[in-house]
Amino acid sequence: MKNNFIIFLIVTSITFSFSSCNTLKYVADNELLLTKNAVYVNDKKNVNYEITDYIVQRPNQLVLGIPLPLYFYNIGDKNFETDYNQWKLNKPFWKKLTTSIFSEKQTRGIHNFKVKKHQWFLNNGEPPIIFDSKKANQTVENLTQHYYNEGYFNVNVNYEEVKKNKKIGINYLINTDKAYTLDSIKTEIESEVLDSIYKLHQKESEIKTGNQFKLSLFIDEQNRISNLFRNSGVYRFNKNAITFEADSSKTNYTSDVTLLINDSIATVPFKVQKIKNVNIYTDYSYNTKDDPIKVNEKYNGFNFLAIDQLKYNPKFLLDAIFIEPNAIYKDDTRELTRKNLRRLNNFKSVDIKYEETEDDMLNASIYLTPLKKYSIGFNTELTHSNIRQLGVSGKLSFLNRNIFKGSEILKFSIQGSFLDSKDAADSDTALLNAWEIGSDISLEIPRFLLPFNPDKIIPKSMSPSTTFTLGTSLQKDIGLDKQKFTGIIDYTWETTKTKSHSFQLLNAQFIQNLNIDSYFDIYTSEYDDLVEIQETYFPDAELSESTAISFIETYINDDFEASNSTEYKTAKNIEALYYIITEDALIPSVAYTFTYNNSENYKDNDFSFFRARIASSGNLTTLLSNETDDSGTKTILKTPIAQYVRTDLEYKKFWNVSLDNVIAFRSFLGVAVPYNNSSTMPFSRSYFIGGPNDLRAWKIYDLGPGSTQSGLEYNVGNLKFITSLEYRFKVLNSLKGALFVDAGNIWDITNSTVTSSDAKFTGFNSLQDIAIGTGFGIRYDLSFILLRLDLGFKTYEPYLDNGKKWFQHANFANNVYNFGISYPF
């Protein structure tokens, strides 16, 4: 309580100090501080954010309703130097006294510090926005033009001023009148070639009788027609040849439109042109562009040229080229060729040029500048989590491009980490007392490698690729010191710009625990629970870290359950978790993933994302295996084969609500069901909840399953639901802020008899087990990386008693600090 009170006083003091700032500090007597803009359309307040884009002058930025950047600016003193010099002239006694106390050098140091302090606030704050009537009039013109473009030809826009105490709010008043609609639509296309192409696709027109007159529709139609002609062989066509004439002189709010298309450009008539030759320069360089061509090889009608030697197999390189001899010219094939050649990651630059021939055909030239065949890279990074307090990792990678002359890429990497792990056996050892080392090798092939030709199902325009990966890693003093071997065969393709697919024919992982004997030395909370049971009910029984499991097998039996059901389930859960975590596992899975992402680029803040993944493990392997262990579980090399099916669904949506302000939503649902050869999910394939990218009010593995509070080190389940809503906003320059709500939990959906009913998902009633965390975050954007600190508060805790689930620990004494890199989702 004392800490909370101190924090409350600090926050209150900061709030009052900002609120007491004079927002008018740098507003002159003849100036007005712009504090508000409002737009009223036909006497109703506008709620369309797009309209506010046309407002030229905006008030100072608000952070949660407070002009924080303006307050920062006003803390600074623009006239500090002038005031200081004046003070020295007017107060020579105080100046002399100050110098005598601090010395001349110290006085200059204090002065320089104050100068930099004021300059920092002025540079990082935002100066007051002084109302400018010229900008208001420009806004009136912008809004008028906008509504005129939307077909409101009789629109009237003005503004009114609302003044008070050197502050001003502007109300923009818009009377749109009735919108015009399109009446008759005529075409005047001079070229017979263009006219015939247009008529074949006339039904696809963006402008139709009865539609509202909108400039955007005419722009879309102009682009549609231009794309139509340029993808129908009309190489010379330019959209500037398209014009529209509109007659809006009618009195019935309708307009007649005429589409005009010229028959030539610069007196050269439009015509359909075909590709004559396709020349592919495979080793083009600006420095050697004038050197003689030594290699000119013809393959399937294409010309492959090189100054030195032909290093690419023409057959495979043609998988990325869609421009073909004797085909008509198309913009789409040009862009598709450029996109797929860049996708190969073999070329520094891809340039495609066309040259007209005397017989009105086109020669296409593709200039490819290769990247270096071999490259070596090394990178390091710092890592942090609640399990691995501090880590330093390094990775050395080697890359070989075009290894088999088909644009394949071979990658080999070795990575190692030194970690400060709380799981290390000796707690007195020095910092970075654990380590992990691993290596990976992969081969990326820019096509499907299959025993049959899949082009009819997945053509080369869908950018098919195959990736083979082998990897291994070894840990020391990290948990149970796992050793892993991984093998993956992955086929990927894209059906559209926004839809991608991945089919993993094989995703096999072998996991072996090398330090099982130290289990209860590491997971001490489980051992402490057993000690409590032993001391209470079996004081004469022997119990140690090495005999814990035999203690459970000997004493925790049906007789004990009859009289102590709670303690029985606790001990059996510890035993079950022990076998889950310590069990070596072979996971031979097959998986399919569908991804939808309509993000334009990494800066896009208004898009949707959806991913669905289904994986199945062990079906074929268990059929082929004839080896079993003592319990009848099928094995390979004495390792149990994991058999399960798992489905993950994830949806994310982002709304760019205003400048630098974004609302982000994320929801995830996952279900994993073991069957036949497996009674439980492998630990590495189970679900957990909590952590910096999950339910941020709880640490990783701390919550669940259901409404239980087991106190175990690792809590996992095979059903997971989580949803998050986050409001991201700009505070000052590169400093960002966030407010968030996370909700979710994990459950058990197996038929295990030792699992508590509170941990199981039994239907809609189990939704009351969804935990809720709220909080705020501070993020610093370094352009190339974003550093994040989120503070999560336990708002609703399902494991607490009824009537005490809400806000019992929503305070700074029980909050969770989450350090992260990049956004949580």
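Here, the structure is the one placed above.
Residues numbered from 1 in each chain as written. Predicted model: local features only at pLDDT ≥ 70, side-chain atom pairs only at ≥ 80, totals over all residues. Heavy atoms only, no water.

Enquirer: Teacher, can you tell me more about the sheet that holds strand β24 (residues 627–628) here?
Expert: Strand pairs in the sheet, formed through backbone hydrogen bonds, run parallel or antiparallel to each other. Taking strand neighbours across the sheet as the criterion, the three strands line up as β24-β25-β26 in an open arrangement whose pairing is antiparallel. In this open sheet, the two edge strands, each paired with only one partner strand, are β24 and β26 (639–640). Pairing of β24 with strand β25 (residues 634–636) involves two bridges; the strand directions are antiparallel. What sits directly across from Glu627, in β25, is Thr635. (Pairing = 2+ DSSP bridges. Helix = DSSP H or I, 4+ residues; strand = E, 2+ residues; numbered from the N terminus.)

Enquirer: Mind showing me how you'd approach the environment of Val115 here?
Expert: With respect to the helices, strands and loops of the structure, Val115 is situated in helix α5 (residues 92–124). With 37 residues separating them along the chain, Val115 and Lys78 place their C-alpha atoms 9.5 Å apart. Ignoring sequence-local partners within four residues, the contact set of Val115 consists of Phe80 and Glu81. (Contact = heavy atoms within 4.5 Å.)

Enquirer: Just to check I follow, could you spell out the environment of Tyr491 for this structure?
Expert: Looking at the secondary structure, you find Tyr491 in strand β20 (residues 482–494). The sequence separation of Tyr491 and Ile445 amounts to 46 residues, and the corresponding C-alpha distance is 9.6 Å. Apart from residues lying up to four places away in sequence, Tyr491 is in contact with Phe448, Leu449, Leu450, Ser465, Thr466, His501, Ser502, Phe503 and Leu505. A polar atom in the side chain of Tyr491 sits 3.0 Å from the backbone oxygen of Leu449. (Polar contact = N/O pair within 3.5 Å; in protein donor to acceptor, adjacent residues only side chain to side chain.)

Enquirer: Can you walk me through the nonpolar core in this structure?
Expert: In a soluble, globular protein the nonpolar side chains are often hidden away together inside. Ranked by size, the top nonpolar core spans 31 residues in total, and within it Tyr519, Phe520, Leu530, Ile556 and Ile581 carry the most contacts. Listed by contribution, the elements that provide at least two residues to this core are α11 (519–522), α12 (524–537), α13 (548–555) and α15 (565–582). At seven residues, the largest contribution of residues to this core is made by α15. Contacts of Phe520, omitting those with residues within four sequence positions, involve Glu526, Tyr527, Leu530, Glu545, Ala548, Ile549, Ile574 and Tyr578. (Core = buried A, V, L, I, M, F, W, Y, C linked by side-chain atoms within 4.5 Å. Buried < 20%, exposed > 50% of the residue type's maximum accessible area, 1.4 Å probe, protein only.)

Enquirer: Explain the sheet that holds strand β3 (residues 156–164) here, please?
Expert: Here four strands make up an open sheet; going across it, the order is β2-β1-β4-β3 and the pairing mixed. Only two strands of the sheet have a single partner each, and these edge strands are β2 (44–45) and β3. Where β3 and strand β4 (residues 167–175) come together, nine bridges link them in antiparallel fashion. Paired with Val157 across the strands is Ile174, a residue of β4. Contacting β1 (33–41), β3 and β4, helix α6 (residues 133–149) runs over the sheet at an angle of about 145 degrees to β3. (Axes fitted to C-alpha atoms, helices over the stretch in contact; angles between N-to-C directions.)

Enquirer: Before we go on, may I ask you to explain the packing of α12 against α13 in this structure?
Expert: Each pair of packed helices can be described by the angle between their axes along with the distance between the axes. The interhelical angle for the contact between α12 and α13, taken along N-to-C directions, is 40 degrees, at an axis separation of 11 Å. As summarised for this structure, α12 and α13 are arranged oblique, according to the angle between their axes. Here α12 and α13 pass one another in a crossing that is left-handed. Across the interface between the two elements, Tyr527, Leu530 and Gln534 of α12 pack against Ala548, Phe551 and Ile552 of α13. By residue class, the composition of the contact of α12 with α13 is five nonpolar, one polar and no charged. (Parallel < 35°, antiparallel > 145°, perpendicular 65-115°, else oblique. Left-handed = near helix turned anticlockwise from the far one by under 90°. Nonpolar A, V, L, I, M, F, W, Y, C, P; charged D, E, K, R; others polar.)

Enquirer: It is not clear to me how the pattern of salt bridges should be interpreted in this structure. Could you clarify?
Expert: Opposite charge on two side chains makes pairing possible when the charged atoms of those side chains draw close. Under the definition given, this model contains 33 salt bridges. In this structure, the salt-bridge partner of Asp29 is Lys166, at a minimum N-O distance of 3.6 Å. With Asp29 in the loop between α1 (2–19) and β1 and Lys166 in the loop between β3 and β4, the pair connects residues that are 137 residues apart, well separated along the chain. Residue classification places Asp29 among the exposed residues on the basis of a relative accessible area of 75%. Looking at Lys166, the relative accessible area reads 26%, which means it is partly exposed. (Salt bridge = Lys/Arg side-chain N within 4 Å of Asp/Glu carboxyl O.)

Enquirer: Just checking my understanding: could you explain the packing of aromatic side chains for this structure?
Expert: Describing an aromatic ring pair means giving the distance of the ring centres and the angle of the ring planes. Applying the stated rule across the entire model yields 50 aromatic pairs. Residues Phe153 and Phe213 carry aromatic rings whose centres are separated by 5.1 Å and whose planes lie at 70 degrees to one another, so their mutual orientation is edge-to-face. Linking Phe153 in the loop between α6 and β3 with Phe213 in the loop between α7 (192–200) and α8 (215–230), this pair joins segments that are 60 residues apart in sequence. Pair check on accessibility: Phe153 and Phe213 agree, each one buried. Their ring planes at 80 degrees and their centres at 5.0 Å tell us that Tyr235 and Tyr329 sit as a pair that is edge-to-face. You can see Tyr235 sitting in the loop between α8 and β6 (242–247) and its partner Tyr329 sitting in the loop between α9 (314–317) and α10 (331–343), a full 94 residues away along the chain. Here Tyr235 matches Tyr329 in class, with each residue buried. An aromatic cluster of three or more residues is present, and its members are Tyr519, Phe520, Tyr523, Tyr527, Tyr578, Tyr579, Phe683, Phe688, Tyr701 and Tyr714. Cation over ring: Lys353 sits above Tyr367, and NZ or CZ is 5.8 Å from the ring centre. Over the face of the ring belonging to Phe825 we find Arg728, whose NZ or CZ atom lies 5.2 Å from the ring centre. (Phe/Tyr/Trp six-rings, centres within 6.5 Å; stacked < 30°, edge-to-face > 60°. Lys NZ or Arg CZ within 6 Å of the ring centre and 35° of its normal.)

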